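Working through the structure, step by step
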Amino acid sequence: MSDTTERIKCLIIGSGPAGYTAAIYASRADLKPVLYTGMEPGGQLTTTTEVDNFPGYPEGIDGPKMMMDLQQQAERFGTQVRIGMVTEVELSKEVGGIHRACVDNSTWVEAETIIISTGATAKYLGLPSEQRLRGGGVSACAVCDGFFYKGQDVAIVGGGDTAAEEATYLANICNKVTMLIRKDYMKASKAMQHRVNNTKNLEVRYNTEAEEILGDQVVEGLRMVNNKTGEKEEIKITGFFVAIGHKPNTDIFKGQLDMDDTGYLITKGKSTKTNIPGVFASGDVQDKEYRQAVTAAGTGCMAALDAERYLAEKDSHMEEANAEEKEINA
């Protein structure tokens with residue numbers, strides 16, 4: 001192994017609310033963290049025009065501005081924020097082992113602890129109009145953005161439990177919700193189906209797909225197509241929500257870290273510990289239930305505390321071992 005390989009106490013992979021919060025706590029604990037931003041510095045919130053539900057911002061805040069605030073706070077305490085993407089990892093299974101990470105397929109770093117905050121990427125339909133109007137009425141999080149469409153007409157795509165839950169959430173605050181399901185049945189549980197069917201201002205359109213989201217700068221309408229009959233219809237809406245799932249960004253950890261059947265990292269109990277000693281997971285990469293900025297930040301705090309305790313215990317064991325060795329040799 002090269003003598004020039006950088007060795008650090010704490011490596012943080014990812015720069016969303018979880019990663020930056022972990023960095024704030026880790027740097028204050030003198031772990032001298034190094035954070036690599038990944039392909040999307042700041043995470044999903046950088047595509048959100050306004051964040052209204054994060055504590056401490058009574059007037060709301062622009063998503064990118066909020067992430068800059070978190071970055072500057074982390075840097076204030078000594079975090080090194082580096083532009084780069086971790087493309088490969090070699091994780092040690094031993095307690096106190098050294099983990100290795102490759103950045104941008106070229107540079108290797110060694111770390112005593114790793115905090116994974118790589119998040120999860122929302123799945124979109126792939127429509128050009130959908131991508132163009134992201135932040136202008138197109139959203140992948142009804143709980144995050146639904147408030148902005150209070151009393152208005154919106155549409156949501158998806159047929160699973162998440163879509164059903166978000167559709168009923170929207171129905172509580174919006175005038176009308178049109179739910180598009182491309183098949184002739186709903187994948188959601190029976191309980192969620194009953195909730196959807198019993199919501200008066202929620203209309204379900206089966207065998208229906210979004211063909212184009214209408215509007216230049218903001219969402220103004222939706223053109224739908226019945227995939228059985230080919231019949232097209234346009235409706236006026238101001239918000240378009242996509243709820244067809246998320247993909248956790250965990251590909252580089254496959255075969256080394258325990259995951260569920262959809263790729264989310266599994267943590268132990270109420271901690272952020274993974275199955276590998278010294279490796280911790282925070283944020284949406286291990287949370288498919290809540291997926292909120294504030295919950296991600298909370299687990300980022302937890303991961304830094306878990307990493308600090310891990311290093312303290314490791315150092316304590318090493319001191320005990322050295323003391324025993326001295327006694328034997330005395």
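It should be emphasised that the depicted structure is a prediction, and the values quoted were computed from it without experimental measurement. (Residues numbered from 1 in each chain as written. Predicted model: local features only at pLDDT ≥ 70, side-chain atom pairs only at ≥ 80, totals over all residues. Heavy atoms only, no water.)

We now examine the sheet that holds strand β15 (residues 239-242). The pairing of strands in a sheet comes from backbone hydrogen bonds and takes either a parallel or an antiparallel form. Judged by pairing direction, the sheet is parallel, and its five strands sit side by side in the order β8-β15-β9-β10-β11 without closing on themselves. At either margin of the open sheet sits one strand with a lone partner, and together these are β8 (138-139) and β11 (202-206). Across five bridges, the pairing between strand β10 (residues 176-181) and β11 is parallel. Across the sheet, the residue bridging to I181 is Y206, located in β11. (Pairing = 2+ DSSP bridges. Helix = DSSP H or I, 4+ residues; strand = E, 2+ residues; numbered from the N terminus.)

Moving on: a positive patch on the surface. Residues K123, R182, K183 and K187 make up a contiguous surface patch of positive charge. By the secondary structure assignment, K183 is in the loop between β10 and α6 (190-197). (Patch = residues over 30% accessible without salt bridge, like charges linked within 9 Å, V, L, I, M, F, W, Y side chains within 5 Å. Areas by Shrake-Rupley, 256 points an atom, 1.4 Å probe, with all protein chains shown as cover. Salt bridge = Lys/Arg side-chain N within 4 Å of Asp/Glu carboxyl O. Lys, Arg positive; Asp, Glu negative; His and termini not counted. Charge placed at Lys NZ, Arg CZ, Asp CG, Glu CD.)

Turning to the environment of T299, a few remarks are in order. Considering the arrangement of structural elements, one finds T299 in helix α7 (residues 293-329). For the pair T299 and D161, spaced 138 residues apart in sequence, the C-alpha to C-alpha distance is 24 Å. Engagement of the side chain of T299 in a polar contact is seen with the backbone oxygen of A296, the distance being 2.9 Å. (Polar contact = N/O pair within 3.5 Å; in protein donor to acceptor, adjacent residues only side chain to side chain.)

Glancing now at unusual backbone geometry. Here the phi dihedral of N207 falls at roughly 50 degrees; this positive angle occurs in a residue that is not glycine. Here N207 shows up in the loop between β11 and β12 (208-214).

In total, this model carries one cavity of 30 Å³ or more according to the counting rule given. By volume, the largest cavity is sized at about 40 Å³. Lining the largest cavity are A122, A140, T162, E166, V242, A243, I244, G245, H246 and R291. Its residues placed into classes, the lining of the largest cavity shows five nonpolar, three polar and two charged. (1 Å grid on protein atoms, 1.4 Å probe; cavity = no way out; pocket = protein on both sides within 12 Å on 5 of 7 lines; lining within 4 Å. Points joined across faces, edges and corners; volume = space filled by probe spheres on them. Nonpolar A, V, L, I, M, F, W, Y, C, P; charged D, E, K, R; others polar.)

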